Amino acid sequence: MLRLGIVGLPNVGKSTLFNALTSSKAAAAENYPFCTVEPNVGVVEVPDPRLDRLFELVRPKKKVPAVVEFVDIAGLVRGASAGDKAAQLELVVLERVLSELDAGRGAREAGETDDAVRFLRQLGLLTAKPILYAANVNEDDLAAGGGAWIGRLRAAVQSHHEEAEIVPFSAKFEAELAELSGGERAEYLASAGVREPGLDRLIHAGYHLLGLQTFFTVGENEVRAWTMARGGTAFDAAGEIHSDLQRGFIRAETVAYDEFVRVGSYKSAREQGLVRSEGRDYVVQDGDILLFRFNI
């Protein structure tokens, strides 16, 4: 599951953004510092028209989308910077992190080697994580792609060597959009000159930033979207569903999304030779439909 934490300076619209994204009123959104004292968590569905199309074709009992968890973060988590300082390599990296932070830079600047990068990710330091900027702009700047400030933000991202994506966003616009549905929602999006809601753009950018992709399982009872790392294998995908599937993995019967939609069913796909039998080392492609054979 993709997890995104919302952090930022006081009064920049963090909680308003959280409420708009999750259509929740749980997070306090008053305009004064530190009103959010506990992390608020909201779970939303990943928008994917491919899942809707599979549901239309197969007509199972239910449809289960992938989900994204948004966390409205009040501050740093206690103990986030703890590591095994007895290890000499880790101590060197920690000292370098401290130096970078003292200089006003991020912990990511200390990741000079692959080992250092892996260690930094284990620490959970905010400034060592990939960053997805939800750049809160007004509606006029939103229609123009973000305005002049977006260029300055991109320059800052490059100068600090950040692993980042930038999504122009209007918390006010999204809060108003969340109150609408159907045709009114589409008209309001068009009036702002944007093709899709900020939530959708944030999720897509998050998937890209973290190297994630979607695969599907299709059956009589349900069609379901699953999230996994790009470049992962059929064996990895089985583990995303259940450890038993991974432990007893035999093979994965695989068909590409476009081919499945074109013929309309597993039966037709098999008859036309479109279903492939793949082993545990098969690299799953975005949109693959997988049926696992296993024995435990």
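Preceding block: the structure.
Some words on the overall build of the protein chain
Moving on, step 1. What the protein chain contains, in helices and strands, is 13 helices and 11 strands.
Moving on, step 2. Of all 296 residues assigned to the protein chain, the portion counted as buried reaches 42%.
Moving on, step 3. Within the protein chain, residue pairs in contact and separated by at least 24 positions form 63% of the contacts whose partners lie at least 6 positions apart.
Moving on, step 4. Only carbon and sulfur atoms are counted for the fraction: they give 51% of the accessible area of the protein chain, which is about 16500 Å².

What about a nonpolar patch on the surface?
Moving on, step 1. A surface patch of nonpolar side chains, about 270 Å² in accessible area, is lined by Met1, Val41 and Val43.
Moving on, step 2. Residue placement: valine 41 occurs in strand β2 (residues 40-45).

Some thoughts on the packing of helix α3 (residues 88-102) against helix α4 (residues 114-123)
Moving on, step 1. At a minimum axis separation of 10 Å, α3 and α4 run at an interaxial angle of 75 degrees. Comparing the axis directions of α3 and α4 gives the class roughly perpendicular. On α4, the residues that touch Leu89, Glu90, Val93, Leu94, Arg96 and Val97 of α3 are Asp115, Ala116, Phe119, Leu120 and Leu123.

Details of the side chain of threonine 214
Moving on, step 1. Inspection of the secondary structure assignment puts threonine 214 in strand β7 (residues 212-218).
Moving on, step 2. Since its relative accessible area comes to 5%, threonine 214 is described here as buried.
Moving on, step 3. Residue contacts for threonine 214: discarding those within four places in its chain leaves Asp48, Arg50, Tyr207, Ala225, Trp226, Gln285, Asp286, Gly287 and Asp288.

Section: the environment of glycine 106
Moving on, step 1. Its location among the elements puts glycine 106 in the loop between α3 and α4.
Moving on, step 2. By relative accessible area, which is 7% here, glycine 106 ends up buried.
Moving on, step 3. When the C-alpha positions of glycine 106 and threonine 127 are compared, they lie 5.0 Å apart, and in sequence the two are 21 residues distant.

Quick word on helix α9 (residues 198-210)
Moving on, step 1. The terminal C-alpha atoms of α9 lie 18 Å apart, and with 13 residues this matches the ideal 18 Å at 1.5 Å per residue to within 8%.
Moving on, step 2. Across the 13 residues of α9, 10 count as buried, placing the element largely inside the fold.
Moving on, step 3. Along α9, the positions that sit buried rather than exposed are Gly198, Leu199, Asp200, Arg201, Leu202, Ile203, Ala205, Gly206, Tyr207 and Leu209.

Considerations on the pattern of salt bridges
Moving on, step 1. Applying the stated criterion across every chain, the model contains 16 salt bridges.
Moving on, step 2. The residue arginine 247 makes a salt bridge to aspartate 244 at a minimum N-O spacing of 2.6 Å. With arginine 247 and aspartate 244 both in helix α11 (residues 243-247), this residue pair falls three residues apart, about one helical turn.
Moving on, step 3. Within the structure, one salt-bridge network assembled from shared partners comprises Arg251, Glu253, Arg270 and Arg293.

Overview of unusual backbone geometry
Moving on, step 1. At arginine 59, a residue that is not glycine, the phi angle is positive and equals roughly 55 degrees.
Moving on, step 2. By the secondary structure assignment, arginine 59 is in the loop between α2 (49-58) and β3 (62-64).
Moving on, step 3. For arginine 59, a relative accessible area of 57% corresponds to the exposed category.

Describing the packing of aromatic side chains
Moving on, step 1. Scanning the entire structure with this criterion turns up six aromatic pairs.
Moving on, step 2. Relative to tyrosine 257, the ring of phenylalanine 216 lies with its centre 6.2 Å away and its plane at 40 degrees, an arrangement referred to as tilted. Within this pair, whereas phenylalanine 216 is found in strand β7, its partner tyrosine 257 is found in helix α12 (residues 257-263), the two being separated by 41 residues in sequence. Across the pair, tyrosine 257 and phenylalanine 216 agree in class, each one buried.
Moving on, step 3. With a centroid separation of 5.6 Å and 85 degrees between ring planes, the pair formed by phenylalanine 260 and tyrosine 266 is classed as edge-to-face.

Considering the nonpolar core
Inside soluble globular proteins, nonpolar side chains tend to come together where they are buried.
Moving on, step 1. Core analysis: the biggest nonpolar cluster contains 38 residues, and Leu21, Leu54, Val68, Phe70, Tyr207, Val255 and Ile289 have the highest contact counts within it.
Moving on, step 2. A per-element tally of this core places α9 first, with six residues.
Moving on, step 3. Not counting residues within four places of it along the chain, the set of residues in contact with leucine 21 comprises Ile6, Val44, Phe70, Phe169, Leu199 and Leu202.
Moving on, step 4. The next biggest cluster of nonpolar side chains, apart from the first, holds 13 residues, and it includes Ala234, Ala237, Val284 and Phe292.

Each value, and the rule that gives it
Residues numbered from 1 in each chain as written. Predicted model: local features only at pLDDT ≥ 70, side-chain atom pairs only at ≥ 80, totals over all residues. Heavy atoms only, no water. Helix = DSSP H or I, 4+ residues; strand = E, 2+ residues; numbered from the N terminus. Buried < 20%, exposed > 50% of the residue type's maximum accessible area, 1.4 Å probe, protein only. Contact = heavy atoms within 4.5 Å. Areas by Shrake-Rupley, 256 points an atom, 1.4 Å probe, with all protein chains shown as cover. Patch = residues over 30% accessible without salt bridge, like charges linked within 9 Å, V, L, I, M, F, W, Y side chains within 5 Å. Salt bridge = Lys/Arg side-chain N within 4 Å of Asp/Glu carboxyl O. Axes fitted to C-alpha atoms, helices over the stretch in contact; angles between N-to-C directions. Parallel < 35°, antiparallel > 145°, perpendicular 65-115°, else oblique. Expected span 1.5 Å × (residues − 1). Phe/Tyr/Trp six-rings, centres within 6.5 Å; stacked < 30°, edge-to-face > 60°. Core = buried A, V, L, I, M, F, W, Y, C linked by side-chain atoms within 4.5 Å.

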